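Listed below are the residues making up each chain.
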There are 8 protein chains.
Amino acid sequence: MTEEEIARLLREYKEGNVAEAEAVKAIAEAPFEEMRFAEVDHHRELRQGMPEVIYAAGKTPEQVRDIFYSLYTHSKGNLLATRADRSHYERVQEKVPAAVYDETARLIYLDRDTRITRDAAHKILILTAGTSDIPVAEEARLTAYLFGNCVETCYDCGVAGIHRLFAHLPAIKAANVIVVIAGMEGALASVVGGLTDKPVIAVPTSVGYGASFHGVAALLSMLNSCAMGVSVVNIDNGFGAGALASKINKLR
Amino acid sequence: MTEEEIARLLREYKEGNVAEAEAVKAIAEAPFEEMRFAEVDHHRELRQGMPEVIYAAGKTPEQVRDIFYSLYTHSKGNLLATRADRSHYERVQEKVPAAVYDETARLIYLDRDTRITRDAAHKILILTAGTSDIPVAEEARLTAYLFGNCVETCYDCGVAGIHRLFAHLPAIKAANVIVVIAGMEGALASVVGGLTDKPVIAVPTSVGYGASFHGVAALLSMLNSCAMGVSVVNIDNGFGAGALASKINKLR
Amino acid sequence: MTEEEIARLLREYKEGNVAEAEAVKAIAEAPFEEMRFAEVDHHRELRQGMPEVIYAAGKTPEQVRDIFYSLYTHSKGNLLATRADRSHYERVQEKVPAAVYDETARLIYLDRDTRITRDAAHKILILTAGTSDIPVAEEARLTAYLFGNCVETCYDCGVAGIHRLFAHLPAIKAANVIVVIAGMEGALASVVGGLTDKPVIAVPTSVGYGASFHGVAALLSMLNSCAMGVSVVNIDNGFGAGALASKINKLR
Amino acid sequence: MTEEEIARLLREYKEGNVAEAEAVKAIAEAPFEEMRFAEVDHHRELRQGMPEVIYAAGKTPEQVRDIFYSLYTHSKGNLLATRADRSHYERVQEKVPAAVYDETARLIYLDRDTRITRDAAHKILILTAGTSDIPVAEEARLTAYLFGNCVETCYDCGVAGIHRLFAHLPAIKAANVIVVIAGMEGALASVVGGLTDKPVIAVPTSVGYGASFHGVAALLSMLNSCAMGVSVVNIDNGFGAGALASKINKLR
Amino acid sequence: MTEEEIARLLREYKEGNVAEAEAVKAIAEAPFEEMRFAEVDHHRELRQGMPEVIYAAGKTPEQVRDIFYSLYTHSKGNLLATRADRSHYERVQEKVPAAVYDETARLIYLDRDTRITRDAAHKILILTAGTSDIPVAEEARLTAYLFGNCVETCYDCGVAGIHRLFAHLPAIKAANVIVVIAGMEGALASVVGGLTDKPVIAVPTSVGYGASFHGVAALLSMLNSCAMGVSVVNIDNGFGAGALASKINKLR
Amino acid sequence: MTEEEIARLLREYKEGNVAEAEAVKAIAEAPFEEMRFAEVDHHRELRQGMPEVIYAAGKTPEQVRDIFYSLYTHSKGNLLATRADRSHYERVQEKVPAAVYDETARLIYLDRDTRITRDAAHKILILTAGTSDIPVAEEARLTAYLFGNCVETCYDCGVAGIHRLFAHLPAIKAANVIVVIAGMEGALASVVGGLTDKPVIAVPTSVGYGASFHGVAALLSMLNSCAMGVSVVNIDNGFGAGALASKINKLR
Amino acid sequence: MTEEEIARLLREYKEGNVAEAEAVKAIAEAPFEEMRFAEVDHHRELRQGMPEVIYAAGKTPEQVRDIFYSLYTHSKGNLLATRADRSHYERVQEKVPAAVYDETARLIYLDRDTRITRDAAHKILILTAGTSDIPVAEEARLTAYLFGNCVETCYDCGVAGIHRLFAHLPAIKAANVIVVIAGMEGALASVVGGLTDKPVIAVPTSVGYGASFHGVAALLSMLNSCAMGVSVVNIDNGFGAGALASKINKLR
Amino acid sequence: MTEEEIARLLREYKEGNVAEAEAVKAIAEAPFEEMRFAEVDHHRELRQGMPEVIYAAGKTPEQVRDIFYSLYTHSKGNLLATRADRSHYERVQEKVPAAVYDETARLIYLDRDTRITRDAAHKILILTAGTSDIPVAEEARLTAYLFGNCVETCYDCGVAGIHRLFAHLPAIKAANVIVVIAGMEGALASVVGGLTDKPVIAVPTSVGYGASFHGVAALLSMLNSCAMGVSVVNIDNGFGAGALASKINKLR
């Protein structure tokens, strides 16, 4: 409830249009639409500049379909369901035929927001260390794109052949925000962090084997980066990185 | 070496002012000043918009003094040594008497950069969950301040008495970047992340006991935040959070 | 063996109705019914106010059927088998056709105890952070219900949209015991703990990915809760939370 | 802000005693007293049935003194500062000479609340496995006592000599809530949990060496208890156990 | 090479029956039969009082068959292959039709050693906490039996209903060596360890969920046992416990 | 309470020498002597063949003195306090001047039991990998000695110079029970386990640095020993190894 | 870019054959061939003495085929794709029919380099502790062979029957580099390290169960080896060990 | 015992110069000199090309002195005691006045071996990421030097300012073996590994804080290096790296 809304309510109450009990209740409770399994937050679009995103993992295809459709009809923004598999998508399509499924990124999305203009002077750059990191990178890229950003990518430029990274120096220098995605030892985040004065969002991936411990090695590596300006999101959390990059990229 | 510098070198070489061997060498090697124990990077100030920061832990007081003094004479920016104890400070003072020591934040600094103008319309807000998190918060605050930002703080507004956090909603709404500092279960990051559409930098602290495992509980909590737009730096890394907040806050 | 039973035995012995060897044996050994694979504890119903609950995981369908049937014929209370899959249920149904299977909660149960009256003035409230936590919550809800309690639920009210939690403040204030079920960062337990003076039982779930480590992040978060009055049960242990909530809720 | 307070405010506003801006502000913000380093929550005493407890670790003696004194003058209840050392106490005594220090439990407290009557029919029983667990047990005992409960203790009755535990069966049967405190393998919680139908709060302690990992072995053991009705608080968290036991013990 | 064998070789050499080069070689190298994939140790039966046991996991059915058959023809003792699945067994049967497969214990064995007489006065007792621990227990039981011991079992006597354990006190007192097998919190080992002055071999099992971490909770619990005389083998290592119990049981 | 004692009590009750209430009470409770801080178990000497051992760590010098003295006057066996420092000893000496302190092993003991005859045909052998493992080995040696065993030691025979271990083959072959004590990678346990058919008790020590993690590397190594007949006690638990070795060594 | 190449470029520029912008660009960027998903490094063969190796895991069969074919046409050396399954191989065969697949080692390779002469005086010896370690050993063996080395193997010579290892002492003495591959407790590395003055590369394998934690026990064991000259690669990293052994073996 | 020594013994025995029992004994046992606390291996100098090195940590100053002196008198090579503090040194000096103490590297050594000639064409290069890694690097440098190698160092060239590393490319290219020493995220090992075709020995250091976990982050990072030819030694194990580098560097 914004201060403006409170003021309006007070005035309505004073004028007798709203009963005391009603006013008390309105103040004590925030608005939400009740469904059997989830309370969708239609206010978030205004409050956070983007619609609620659906985390599909652990939800039934029917639940994802219903929430997606509810958001589809209540908002005008782009829609996004993450960690979705094909069975989720098949159900969503029943109600929102225009929805698209990206198998690599495991995203169901609807790219419909006509209010968006992408600012080419403020680019998000997404770098990966290897080819195997691409699914996470695509999740980040599509997320940032749907949230209204220009996104550029350079995949497979890990530090073991550092000249390949240096071929992308112009792109690194030109970016406003950089997302670095790497598994194994995650060293790319530190090297990139030392080459730029822009914020770097590091995403450890579960790529690797043995003592990579499903991304823990890269996670620790990135948290301990000796480069200034590097922060970290959860292992394989391409969506989180894309959403945060968007938030940062939209600051003026 | 910037492209401009390469171009200038090429022309000097063409005009015969620079011998071939010299040009080859200049291209193959980056500039650095050799000291016995450390190679200080005087170019960083231009490249990253801030002078090199000294990580004092593990260095002798003499080493910190000499690097600090070298930076003092080679740059015009503010200076900063982190994780410093009083013995480091005593030596630094010998050569840079104007340096200040903040015991809580364990920082030695010199606030001298007259080129800085702080932009009050772009504030960094630093929140802590408890009183014990203040040393880390002060490290972040001073860092962000020395890097040229307006910084505001609200300390001790953890989630167990959530009305106290809500008293700071206006400050949260007004901030451009938010740093959330919490130990124990680190829940503050998620709650704040849900209340703002600005980027949130979460700093886990080693405050707590038992199964907090010196900050691991808060770290994991923050990495798994269900709120969008939260990224994490290392445990107790107030400096890192402050520097990153500054980088983000200066984006236009 | 209660003191009363010992006294009775002593008197029987004194009167010669029980031989010495028999009395010695009776004192040295507790009663149990021997089956090939398990010794069912028929005394527990009286001792603990509820029949023995069967942990089905790791038992064959035949074993679960036989224990379930043995409890069915030896007690009058409600029956419950946890962590059961459909193959367990099919066998149980052969002998106890009235048994019900709840697939979400993975429970086989028999709701037959006519001695139970549920006290509406002492409610157990079960909250979940997300939709994916519902299976664990349903395990807790059904358990508490079968043990004779009034149970209320509010699902999907995590801290990232905290106004949704606040819509349930009246239910929180009205509850006698609260069970908070959350995966990812598990912050809901701390926030709820700060809003109530009733005991809070926190259940971490394995919902999440990457650095959630199958519930470890939520577990640590909850163990380190800065709120007073929060205790924790094992990851995904909905049954344990429901049973403990019942024990607490029945105190007078 | 309770519903009653909102109603009162609305009426005052309607009658013109409160200006609109003022009313809006009052609604948007919760009450708190600002101090430089901490915002003390004077409302908690009513909301949670007990005054705010001070976590002294990480606070300076001066901070603890000032918060303690502020609570002393603003409330009428008992006061408690946990994890306090003698230097904290010396400062507290300057302003609250009646305050007492318990070195074993590391508590500073003031036992002054004349409104308390302890209910001997609802006892909290505290059991420890060994002599070395006593400091944690004393923290729990004093906490529960200051919150207005009858508390009984049986120390050093670990499972390696189980007849010693059985000597306390009458006390176990008579208790309303049981706190079990154990380090090493923490097996006592499971054994006691099997002997009672009352709730058991398990506190792992950091007592032990080697693979006890400062309480982790006991913590895991207790979380995996095969007994029904056992929940766990943080390692060495005697205060948390005492406070929770009190909350449970006061349910009617 | 025993001292006796060395002596014999020396004499043969002295008498000229063995050339110098040959004697040097014989001394420098130990006997072994070469196969493509494994070097079977036929001397172990004499050296360790039992034939080599085959660890089938990670070996192909053909490898297990060939080693089993090689042992079958070279020794007279009982034979044992652990961690074997049915496909291993099918191949072994081709060459050793008398071999038996125990599915629960995952053992292939041949019980043929006529030299064995089992000593009923020296019994090994195997206890399990729950029904789910039985596969590990059966692996231990069969191992100890095949190595020539009298073995007794009491399954499902965990500490949550401690009277069920006490029903087996006579068996506990009568045993020469006790194997305690438990998952979850593993408390049974400590309780049994306190009831006997015989050695206790504790086997943690991976039974449990959540924070049992596939047996780590039980493992740590057992390593930290407060009872004297308890040692631990690897998680789920029923074979190891059975073999060690046999070694201890045969000491005179 | 033995069956014999129960029988005697029954007869006394029948003859009227013992009242019913008294008999009931006697049956329900086991004997123990109450002291303020600890309940000493005087029956253990008979039940376990050795007096209770005092774990001094975490106990005050006064507590250790009083328990030691109580055991001194109530039993005739050898006495032992483990993990004791000099301050414990000074107090013990006040009441038991004959007590001895071994600084390396951190043991206070009294070697007075004249009933002991050590059996030279059943030796316990204690091996250490390095010189730094000697304190743990001495704790094991003295424990086993005081419990009435012949003990032999070979220190510093780690596997990196395996010929040094082989020099002790005769001692290994002659031993009845072997204790292997090693830090770092703990490989000695596996090698010795392969050389003997006697039980091997492995003790990991916290000797090492870096990735030895205070004994965890050795602990895991020993738990995973590929040799048959190796079991493990807690890190640095020399006492536990000595006591278990004694239990095993006394089996006939 | 080598110094020679820079010099040549400078001269071309001076002579006017290369424009300034072009020269600047050439200096700033390293050579690479762009493909959609990967940038293959054709320079590595010269720089590292071997062609780029493809890590197939996480790549689609089409990606592996295209990279393999690209390397096939651009280089003359042997080719190698690691962690490949049969589906990768089927696609590779489409374009490079001469490629071979080794199922045990999970390698696709092409053994065609006619420039290689293997030096029999500099052998690499690969030892495994057990039969289950063979797949990792074969990966190492084939790698080292394809890189141009003489390789010898001794499989299944773990420390539990140490005479089997000693049978290979002549091979150990003759080797120039030794690779030791072991799971479970990994003790073989330390024993071999003590028997040779040549470098030992230790490879922990995920062979084992329970507290082997998928190779962590062996990894820690090897990192803490008390033997001098042992270093470690990642768990199951047979390729890494083979490649490193080759690099070391080729030093002169 | 070499084959030659065996042959000689056989002949002596045949000729009657050695009795049978004596010969048997000589064969069964390896030579060693007995001291009370340690068995020094005087044969290692020949077998491993270097004298035994003393690991001083955990040894008393007297023990270190006696072993050092024993080596001093029995060998002609350089001597080295690692992890030594000043108190060790003071005692060593009593008997070997020429011994030197390096406080940074914590080494006591004697540089006396006149047989050594250092080969300038085969250099070991030691790189550190930061100034704080220097103590470990000095331990490696001195070790490699005393073992007879030419050693070069470049300290403080971490990846955050990667141009500083590139200034050392000529040294990297010239080295025969490279030791990379880094704490925090340890990324330097991967970057260097990608720049060279020589073997790289990576040493993680405990430099860092928070989630560096005393070197674990760097350790995991290095084990997962995406660069070929990198192996790892224990955290802070400068000695191990220096010794291994020497072994590799001496291969011809």
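Residues numbered from 1 in each chain as written. Chains lettered and ligands numbered in written order. Predicted model: local features only at pLDDT ≥ 70, side-chain atom pairs only at ≥ 80, totals over all residues. Heavy atoms only, no water.

## Re the overall build of chain A
When helices and strands are counted, chain A shows 11 helices and 11 strands. By residue count, 65% of the 252 residues in chain A fall in the buried class. Counted over contacts in chain A with a minimum sequence separation of 6, partners at least 24 positions apart contribute 69%. Taken as a whole, chain A presents about 8,800 Å² of accessible surface, with 50% of it coming from carbon and sulfur. (Helix = DSSP H or I, 4+ residues; strand = E, 2+ residues; numbered from the N terminus. Buried < 20%, exposed > 50% of the residue type's maximum accessible area, 1.4 Å probe, protein only. Contact = heavy atoms within 4.5 Å. Areas by Shrake-Rupley, 256 points an atom, 1.4 Å probe, with all protein chains shown as cover.)

## A short note on the sheet that holds strand E5 (residues 100-102) of chain C
Backbone hydrogen bonds hold the strands of a sheet together, and the pairing may be parallel or antiparallel. Residue and element names in this part refer to chain C. Spatially, E3-E4-E6-E5 is the arrangement adopted by the four strands of the open sheet, whose pairing is mixed. Two strands in the sheet have a free side with no partner beyond their single neighbour: strand E3 (54-55) and E5. Across three bridges, the pairing between strand E4 (residues 79-82) and strand E6 (residues 107-110) is antiparallel. Looking at the pairing, Ala81 lines up with Ile108 of E6. The sheet contacts of helix H4 (residues 61-74) involve E3, E4 and E6, and relative to E4 the element is tilted by about 160°. (Pairing = 2+ DSSP bridges. Axes fitted to C-alpha atoms, helices over the stretch in contact; angles between N-to-C directions.)

## Some remarks on the UniProt feature "domain: PurE" (unreviewed entry) in chain A
With numbering matched to this structure, UniProt assigns "domain: PurE" (unreviewed entry) to residues 122-251 of chain A. Regarding residues 122-251 of chain A, the helix share stands at 38% and the strand share at 19%, and the terminal C-alpha atoms are separated by 10 Å. (UniProt positions renumbered as here; feature names shortened; annotations may be inferred.)

## Topic: the packing of helix H10 (residues 216-223) of chain D against helix H10 (residues 216-223) of chain E
Between H10(D) and H10(E), the least distance of the axes is 8 Å, while the angle of their chain directions is 125°. In terms of their interaxial angle, H10(D) and H10(E) are classed as oblique. For the pair H10(D) and H10(E), the crossing hand works out as left-handed. For the pair H10(D) and H10(E), contact is made by D:Val216, D:Ala217, D:Leu220 and D:Ser221 and by E:Val216, E:Ala217, E:Leu220 and E:Ser221, respectively. Taken together, the residues of the contact of H10(D) with H10(E) sort by class into six nonpolar, two polar and no charged. (Parallel < 35°, antiparallel > 145°, perpendicular 65-115°, else oblique. Left-handed = near helix turned anticlockwise from the far one by under 90°. Nonpolar A, V, L, I, M, F, W, Y, C, P; charged D, E, K, R; others polar.)

## Re the sheet that holds strand E4 (residues 79-82) of chain E
Residue and element names in this part refer to chain E. A sheet is described by the order of its strands in space; here four strands give the open sequence E3-E4-E6-E5, paired in mixed fashion. Each edge of the open sheet carries a strand with a single partner, namely strand E3 (54-55) and strand E5 (100-102). As defined by bridge partners, E3 adjoins E4 across two bridges and the pair is classed as parallel. Pairing of Ile54 across the sheet is with Ala81, part of E4. Set on the sheet, helix H4 (residues 61-74) makes contact with E3, E4 and strand E6 (107-110); between it and E4 the angle comes to about 160°.

## Comments concerning the packing of aromatic side chains
One pass over the full model with this rule turns up 33 aromatic pairs over all chains. Note that F:Lys95 overlies the ring of F:Tyr69, its terminal NZ or CZ placed 4.9 Å from the centroid. The lysine or arginine in question, G:Arg83, covers the ring of A:Tyr209, its NZ or CZ lying 3.9 Å from the ring centre. (Phe/Tyr/Trp six-rings, centres within 6.5 Å; stacked < 30°, edge-to-face > 60°. Lys NZ or Arg CZ within 6 Å of the ring centre and 35° of its normal.)

## Let's talk about the relation of the copies chain D and chain C
Aligned on chain C, chain D shows an RMSD of 0.1 Å; the corresponding rotation is 180° and the shift along the axis is 0.0 Å. Viewed as a symmetry operation, the transformation between the two copies matches a two-fold axis. Of the C-alpha atoms belonging to chain D, the one lying closest to the rotation axis is found on D:Arg252, 2.1 Å away. A shared binding surface is used by both copies, with 100% of the interface residues of chain D retained as interface residues in chain C. (Least-squares fit on C-alpha atoms with pLDDT ≥ 70 in both.)

## Structural notes on the pattern of salt bridges
Residues and elements named next belong to chain A. The full count for this structure, using the stated rule, is 90 salt bridges over all chains. Note that Asp119 and Arg252 form a salt bridge whose closest N and O atoms lie 3.2 Å from each other. Taken together, the residues Asp119 in the loop between strand E6 (107-110) and strand E7 (123-128) and Arg252 in the segment after helix H11 (238-249) connect sequence positions 133 residues apart. Because the salt bridges share partners, they merge into one network encompassing Glu62, Arg65, Asp66, Arg91 and Glu94. (Salt bridge = Lys/Arg side-chain N within 4 Å of Asp/Glu carboxyl O.)

## Describing helix H9 (residues 188-195) of chain C
Counting buried residues along H9(C), eight of its eight residues qualify, which places the element largely inside the surrounding structure. What H9(C) keeps buried is the set C:Leu188, C:Ala189, C:Ser190, C:Val191, C:Val192, C:Gly193, C:Gly194 and C:Leu195.

## Here's the deal with the environment of D:Asp66
Residue and element names in this part refer to chain D. Looking at the secondary structure, you find Asp66 in helix H4 (residues 61-74). Exposure remark for Asp66: the relative accessible area of 22% places this residue in the partly exposed category. The sequence separation of Asp66 and Arg91 amounts to 25 residues, and the corresponding C-alpha distance is 8.9 Å.

## So, the interface of chain D and chain C
In this complex, chain D contributes 33 residues to the contact, which on the side of chain C involves 33 residues. At the boundary of chain D with chain C, total buried surface from both sides reaches about 2,900 Å², with 60% on carbon and sulfur atoms. There are zero salt bridges connecting chain D and chain C. Scanning the region where chain D abuts chain C turns up nine residue pairs in polar contact (both at pLDDT 80 or more). Those elements giving two or more residues to the side of chain D that touches chain C turn out to be helix H3 (44-48), helix H9 (188-195), H10, strand E11 (230-232) and helix H11 (238-249) of chain D. Among the elements that make up the side of chain D that touches chain C, the one with the highest residue count is H11(D) (five residues). By residue class, the composition of the side of chain D that touches chain C is 17 nonpolar, 11 polar and five charged. (Buried area = accessible area lost by both parts, 1.4 Å probe. Polar contact = N/O pair within 3.5 Å; in protein donor to acceptor, adjacent residues only side chain to side chain.)

## Describing the environment of D:Gly215
Residues and elements named next belong to chain D. Mapped onto the elements of the fold, Gly215 is located in the loop between strand E10 (200-204) and H10. The exposure class assigned to Gly215 is buried, which follows from its relative accessible area of 2%. The spacing of Gly215 and Met184 is 31 residues in sequence and 7.0 Å in space, taken between C-alpha atoms. Other than its neighbours up to four places away in sequence, Gly215 contacts Pro204, Thr205, Ser206 and Ile235.

## A closer look at helix H5 (residues 86-95) of chain A
Residues spaced three or four apart along an α-helix face the same direction, because each turn holds 3.6 residues. Residues and elements named next belong to chain A. Taken together, the buried positions of H5 are occupied by His88, Tyr89 and Val92. Looking straight down H5, one finds that the buried residues subtend no more than 95° of arc, so they occupy a single side. Elements that come into contact with the buried residues of H5 comprise helix H4 (61-74), strand E5 (100-102) and E6. (Arc of directions from axis to C-beta.)

## Quick notes on the environment of H:His214
Residue and element names in this part refer to chain H. Looking at the element boundaries, His214 is found in the loop between strand E10 (200-204) and helix H10 (216-223). Linking His214 and Gly161, residues 53 residues apart in sequence, is a C-alpha distance of 23 Å. Beyond its immediate sequence surroundings of up to four residues, His214 is in contact with Ser206 and Ile235.

## Comments concerning the packing of helix H6 (residues 134-146) of chain E against helix H11 (residues 238-249) of chain E
Residue and element names in this part refer to chain E. It is the contact of H6 with H11, at a shortest axis distance of 7 Å, that shows an interaxial angle of 35°. Between H6 and H11 the crossing geometry is right-handed. Taken together, the residues of H11 that come into contact with H6 (itself represented by Val136, Glu139, Ala140, Thr143 and Ala144) are Gly238, Phe239, Gly242 and Ala243. Residue classes in the contact of H6 with H11 are distributed as five nonpolar, three polar and one charged.

## A word on the state of the cysteines
For the structure on display, the rule yields zero disulfides over all chains. Here C:Cys226 stays unpaired: no disulfide links it, and the sulfur of B:Cys157, its closest cysteine neighbor, is 11 Å away. Not engaged in a disulfide, the cysteine G:Cys154 finds its nearest cysteine sulfur in G:Cys157; these two sulfurs lie 5.7 Å apart. (Disulfide = S-S within 2.5 Å.)

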